[in-house]
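# An overview of the molecular structure
Residue-level listing of the chains:
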Amino acid sequence: APLSQIKPSFAPTPVDNNDMNNRTEPPTVQKTIDLLSMQAHIEGGYYVETDRDPLNVPNPFINNKDPGTSYTVPETDVTSDIRLSPGQDHSTRSASTTIYYYITPGSPLGCFHRNRGRTVHTLHRGRGCYVLIHADEVLRGDRTAENNKARIETFVVGHDIERGEKLQWIVEGGKFKASFLLPDTDGGDKQSEGLLISETVVPGFEFADHDFMRAAMLVELLKPEEVEELKWLLRE
Ligand code: GUN
C-alpha cells in the first residue's frame, strides 16, 4: 500500500518523542515497560538490551588493510557519515546484541536512523509500519535510476499473516529506518497497546555505528514530494 494510505494510530499532533522524561502511557503499557525494565530510547519508544554476546569479533566496519594496526574508516565507506570517536578501541565488536524495542501510544514513532550492522526483527505484540530508505544504494553508486534518488520501501508488521503482515523482518546495514504505531486492525478504534519487538544486531550495537537522518540528507536522498510525506519521521 502507498504510505499515504497507511494511517498511524495516534493523533496528528503526536506527543514530543524526545521529551524522554515526560511520557505518559496507558497503565497496561507502563506495566510492560516496567516488567521488562525498558527505558526511553533516543529514537523514540523504549528499549532494553537483553543480551550482549561476550564473544568479540574483528570489527567488520573498519578498513583493516594491515590487521592489528590500522583502524581508520575508509573515506568511501557507504554507511559512513559516522565518525569513530577518538580514544575508543574500535578493533572489535560484540558478536551480537539483542534488545526489546517498544513503540507505544505515548511514544508512537521510532524516527529515521541507520546502523551499520544488519538487524533481525521479531514481532511479539501489536502492529506497525516500517519505512526504509535505501540510501546505501545511492551512496554506493549502484543506482543510477531516477535522478539518483533513493528507493523507499514500506511494509506492515503485525500478526495478520494472511494480509501479508510480517512476523519477522530484516534490515540490512546502511539503510535508514523509521517505524510508527498502527491500530491493531485497519479502522479499529481500540487503542493500541503498543508494538513490542525484539531486535538482534550483528555485529553488536555501538553508538559509533549509529546515526540519525538529518533534514538536509532527506532532501538529498528523496524527491520533494517524498520529503514532504516523510519529514514527520525525522528526529526534529
Ligand atoms: N543503546 C542505545 N540504543 C541502543 C540500541 O539500539 N541497541 C543497543 N543494543 N543498545 C543501545
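Scroll up a little and you will see the structure.
Below is a summary of the structure that appears in this document. (Residues numbered from 1 in each chain as written. Predicted model: local features only at pLDDT ≥ 70, side-chain atom pairs only at ≥ 80, totals over all residues. Heavy atoms only, no water.)

## A short note on the site of the ligand
Residues in contact with the ligand, as listed here, are His41, Tyr47, Glu49, Thr97, Ile99, Phe205 and Phe207. Within the side chain of His41, one N or O atom sits 3.0 Å away from a nitrogen atom of the ligand. Here a nitrogen atom of the ligand and a side-chain polar atom of Glu49 are 2.8 Å apart. Protein contacts shield 90% of the accessible area of the ligand, which totals 270 Å² for the unbound molecule. Those elements that provide at least two residues to the shell around the ligand are β2 (46-52) and β5 (97-103). For the shell around the ligand, a count of residues per class yields four nonpolar, two polar and one charged. (Near = heavy atom within 4 Å. Polar contact = N/O pair within 3.5 Å; in protein donor to acceptor, adjacent residues only side chain to side chain. Areas by Shrake-Rupley, 256 points an atom, 1.4 Å probe, with all protein chains shown as cover. Helix = DSSP H or I, 4+ residues; strand = E, 2+ residues; numbered from the N terminus. Nonpolar A, V, L, I, M, F, W, Y, C, P; charged D, E, K, R; others polar.)

## Some points on the environment of Gly126
The residue Gly126 is located in the loop between β7 (118-125) and β8 (128-133) in this model. In this structure, the C-alpha to C-alpha distance between Gly126 and His159, residues 33 residues apart in sequence, is 7.5 Å. Apart from residues no more than four positions distant in its own chain, Gly126 is found in contact with Val157, Gly158, His159, Asp184, Gly194 and Leu195. (Contact = heavy atoms within 4.5 Å.)

## So, the nonpolar core
Ranked by size, the top nonpolar core spans 24 residues in total, and within it Phe112, Ile133, Met213 and Leu221 carry the most contacts. Taken together, the elements giving at least two residues each to this core come down to β6 (109-115), β8, α2 (135-140), β11 (176-181), α3 (215-221) and α4 (224-230). Those residues in contact with Phe112 that lie beyond four places of it in its chain are Val131, Ile133, Phe176, Lys177, Ala178, Phe212, Met213, Leu230, Leu233 and Leu234. Ranked by size, the runner-up nonpolar core spans 13 residues in total, among them Val157, Trp169, Leu181 and Leu195. (Core = buried A, V, L, I, M, F, W, Y, C linked by side-chain atoms within 4.5 Å. Buried < 20%, exposed > 50% of the residue type's maximum accessible area, 1.4 Å probe, protein only.)

## Side note on the pattern of salt bridges
Enumeration over the complete set of coordinates arrives at 14 salt bridges. Put simply, Glu206 and Arg52 hold a salt bridge, and the shortest N to O gap is 3.3 Å. Of this pair, Glu206 sits in the loop between β12 (195-202) and β13 (210-212) while Arg52 sits in strand β2, placing them 154 residues apart in sequence. Judged by its relative accessible area of 22%, Glu206 is partly exposed. (Salt bridge = Lys/Arg side-chain N within 4 Å of Asp/Glu carboxyl O.)

## Here we look at unusual backbone geometry
A cis amide bond, omega -10 degrees, links Val202 with the succeeding residue Pro203. Phi at Ser37 is positive, roughly 55 degrees, even though this residue is not glycine. By the element assignment, Ser37 lies in the loop between α1 (27-35) and β1 (39-40). For Ser37, a relative accessible area of 51% gives the class exposed.

## Structural notes on the packing of aromatic side chains
Tallied over the entire structure, the rule returns four aromatic pairs. Relative to Phe155, the ring of Tyr130 lies with its centre 5.7 Å away and its plane at 5 degrees, an arrangement referred to as stacked. Highlighted residues: Tyr130 in strand β8 and Phe155 in strand β9 (residues 152-157), separated in sequence by 25 residues. The same class applies to Tyr130 and to Phe155, which are both buried. The structure contains a cluster of three or more aromatic residues connected by ring pairs, namely Tyr130, Phe155 and Trp169. Sitting over the ring of Tyr46, Arg23 keeps its end group 5.0 Å from the ring centre. Over the aromatic face of Phe155 sits the side chain of Lys166, whose NZ or CZ is 5.2 Å from the ring centroid. (Phe/Tyr/Trp six-rings, centres within 6.5 Å; stacked < 30°, edge-to-face > 60°. Lys NZ or Arg CZ within 6 Å of the ring centre and 35° of its normal.)

## Describing the sheet that holds β2
Taken together, the six strands give an open sheet; going across it, the order is β1-β2-β5-β12-β7-β10, and neighbouring strands pair in antiparallel fashion. What marks the edges here is a single partner per strand, and that holds for β1 and β10 (168-171). Packing of α1 onto the sheet brings it into contact with β2, β5, β7 and β12, and relative to β5 it is tilted by some 165 degrees. (Pairing = 2+ DSSP bridges. Axes fitted to C-alpha atoms, helices over the stretch in contact; angles between N-to-C directions.)

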